[in-house]
Amino acid sequence: MRIVIDRRGDFEEWRDHARHLLSAGIRPDAVEWLDRAALGDDLFGADEATFETKAALTVPRGFVECAQVVVCHADLAAYGVLYRLLWRLQTERHLLSITTDPDVVRAHQMAKSVGRDSHKMKAFVRFKELPAVEGRTQRQFLAWFEPDHYIVGRTAGFFQRRFTDMDWVIATPKGSASWDGDALTVSAHPACNPELVDDTDDLWRTYFANIFNPARLKVKMMQTEMPKKYWKNLPEADLIPDLIAGAEERVRAMAAKPATTAPKFHYSIHKIKG
Amino acid sequence: MKKSLKHRLAILSDAAKYDASCASSGTTKRDSSRSGGLGSTEGSGICHAYAPDGRCISLLKILLTNFCIYDCAYCINRSSSNVERARFSVDEVIWLTLEFYRRNYIEGLFLSSGIIRSSDYTMEEMVRVARDLRLKHNFQGYIHLKTIPDASAKLIEEAGLFADRLSINIELPTDAGVEAFAPQKHPANIRRSMGELKLKIDEAREPTLKTKRRKRFVPAGQSTQMIIGADATNDATILGTSARLYGGYQLRRVYYSAFSPIPDSSQHLPLIKPPLMREHRLYQADWLYRFYGFDIAEITHGRADGMLDLELDPKLAWALANRDRFPVDINRADKEMLLRVPGFGVKTVMSILTARRHKRLKMEDLARLKVSLKKVKAFIVADGHTPMNLLDRSDLKAMFMPRPEQLSLL
Ligand code: SF4
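The rules behind each value
- Residues numbered from 1 in each chain as written.
- Chains lettered and ligands numbered in written order.
- Predicted model: local features only at pLDDT ≥ 70, side-chain atom pairs only at ≥ 80, totals over all residues.
- Heavy atoms only, no water.
- UniProt positions renumbered as here; feature names shortened; annotations may be inferred.
- 1 Å grid on protein atoms, 1.4 Å probe; cavity = no way out; pocket = protein on both sides within 12 Å on 5 of 7 lines; lining within 4 Å.
- Points joined across faces, edges and corners; volume = space filled by probe spheres on them.
- Helix = DSSP H or I, 4+ residues; strand = E, 2+ residues; numbered from the N terminus.
- Nonpolar A, V, L, I, M, F, W, Y, C, P; charged D, E, K, R; others polar.
- Buried < 20%, exposed > 50% of the residue type's maximum accessible area, 1.4 Å probe, protein only.
- Pairing = 2+ DSSP bridges.
- Right-handed = clockwise from strand over helix to strand, strands pointing away.
- Domains from an automatic or database assignment.
- Contact = heavy atoms within 4.5 Å.
- Buried area = accessible area lost by both parts, 1.4 Å probe.
- Salt bridge = Lys/Arg side-chain N within 4 Å of Asp/Glu carboxyl O.
- Polar contact = N/O pair within 3.5 Å; in protein donor to acceptor, adjacent residues only side chain to side chain.

Chain B appears in an unreviewed UniProt entry as DNA modification/repair radical SAM protein from Asticcacaulis endophyticus. The UniProt entry for chain B carries the following text under Cofactor (unreviewed entry): "[4Fe-4S] cluster".

By the naming in an unreviewed UniProt entry, chain A is DUF4130 domain-containing protein, taken from Asticcacaulis endophyticus.

Caption draft 1: Layout of the layout of surface pockets. Computed from the structure, the second largest pocket encloses a volume of approximately 1000 Å³. As for the second largest pocket, its lining consists of 28 residues, and the residues nearest its centre are A:T99, A:H108, A:K112, B:K347 and B:S351. Put simply, the parts of the chain that give the lining of the second largest pocket at least two residues each are α3 (63-70), α4 (77-89) and α5 (102-124) of chain A together with α12 (346-355) of chain B. Broken down by class, the residue content of the lining of the second largest pocket amounts to twelve nonpolar, nine polar and seven charged.

Caption draft 2: Structural context of the pairing of strand β7 (residues 222-228) of chain B. All names here are of chain B. Burial within β7 is extensive, with seven of its seven residues counted as buried. With burial as the criterion, each face of β7 is covered, one bearing Q222, T224, M226 and I228 and the other bearing S223, Q225 and I227. Summarising the sheet, strand β6 (residues 165-167) and β7 pair through two bridges and their orientation is parallel. Counterpart to S167 in the pairing with β7 is S223. Of the pairings in the sheet, the one linking β7 to strand β8 (residues 253-258) comprises six bridges and is parallel in character. From the neighbouring strand, Q225 faces β8, where its bridge partner is Y255. The β-α-β motif built from β7, the intervening helix α7 (residues 235-249) and the parallel element β8 has right-handed crossover chirality.

Caption draft 3: Layout of the domain arrangement of chain A. All names here are of chain A. Domains assigned within chain A are domain 1 (2-119), domain 2 (125-187) and domain 3 (200-256). On a C-alpha basis, the centroid separation for the pair domain 2 and domain 3 is 28 Å. Taken together, the six residues of domain 2 in the interface contact nine residues of domain 3. Together, the buried faces of domain 2 and domain 3 total about 640 Å²; carbon and sulfur atoms form 42% of this surface. Of all residues in domain 2, R126, E146 and D148 bury the most surface against domain 3, accounting for 66% of the area lost on that side. Taken together, the links from domain 2 to domain 3 amount to four salt bridges. For D148, the salt bridge is made with K229, and the minimal N-O distance between the two is 2.7 Å. Scanning the region where domain 2 abuts domain 3 turns up five residue pairs in polar contact (both at pLDDT 80 or more).

Structure below.
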């Protein structure tokens, strides 16, 4: 049975399909999940089938929450993993507590990866200011971001709660979100990089370069937390190679500098003779 | 000629980088959807960037000014240093905070300052920054203020109404150290300020009689910082000081800052490579004390010189020194003992406790939880696994030692 997904990362779409499949008794290994966008015009298409929908399913607490996250995973296999869990839950009610079960582990790992990506999105989105719009007092901002997973929808609320007094758009290849002071709009359409510049980035770069302590170089640590794949959209990141390359020399130069005598005000403050 | 904003930002962030803290977590949850303002805090903090020193950049960490009338030997801003000086106005700090925040570079502001004119004069300016951010600009992001030593109680109280966190640095782990290196500071006063702040925080936690509401006052609590390696204090003494601070003043965090060479440094201090590994081990030990049920004495008991082992993490070092407490049966042991197994974190332990209600756990189960079997196998019993006599081996420690590395000199 082929199921074609129209809106990646949309929990409701998965749930509707899963409900139908389950009530028709279709085994997890008999389902093939496909992505409409990836199919292009090559219309193998979905299997047309009409199921009768049974009453609402009951699932253990925690499953829905987990599924809402896992369904955002970029690997289409997530759809199958979730359906298999749902299938097994019908007979193994405690399945989710078996934290070492391979399917549960897989779902957890996927959820973790999505969670991490959402977290990094909250961290690494960088808004650039656009010219004011006539007749609007709110300032205008736009950000370009490239997430690994389909997380724009689930992360948009965070930006709305935080950047409430400005108008903003976050555009990504996996959909976009925007806020105009009244409504939060999320779209699944892939966007293009608008390549904007914002002068304030220069101040941020100044800060980034100066808050770095060359005597404490720990490049690996930085890279695990801020993987290179994010660098191209971070205004500060292209400073990193030079900061690293120059660190040792800066520390050496600092150590080699001869001691100086204290400035005059030091002597007057502490009432000592210079 | 007045220095440009950018130039002053360079000076005043450079001067702030020796403060270890950049945390923005542990405060109340709040956002701007109702107020229509700017900013939110949602539980755990966010690191918006990482510097090549591996440290999280969460806040705009700057000084209001690096002019200072004190002469603390370890500090780049001390009056006897020839460092270039600069000063921000209150409005400039506010502008930078808001513009950085709008671009999502930061979670908020961590403001500290050298002391100009007097403690109160300086503290008053800092309070104005926080007050205006909250009241004039409707800013809900995170604010951490480092209080100025000997500032009046009234100003500290006002600061606490607007800041998420306040900190007072203890500076060095012993009173003698503070007196030697920070001649204008007095350990007794530092402790008194911490004590007063604790009392006010406790007071604010009590709901008022009339409104039954709690006052918002320093919701992320107070923290402090200690410099490590500037004097000869050992780790046991350092951790003992931390334990007293956690216990006596309910500090949320004690930060350890490996003494780092500064430009134009005092001749009384060692020009060394900062002891980063030592700092790391202290954080691990601190963690064991706060979250794993260890006593400081247990952690530092292993060595006669009161230092932590630099080569092994303190939990592993403890386990190797207390082999009679192992092996631990993962299908039976209580939570406290599971937490003591080297290689098990809190999450792993919780997963084990949940899963074993339904099945007996094998080594494969642990592997799926991403536990390093190599690390734990000597210390546990699982279904189908006993550690043989690994625990008796005299070379057990050697099995965990890192491979020798070329030592690098400064
Ligand atoms: S009072 Fe603070 S800024 Fe001034 S010298 Fe001492 S540590 Fe540095």
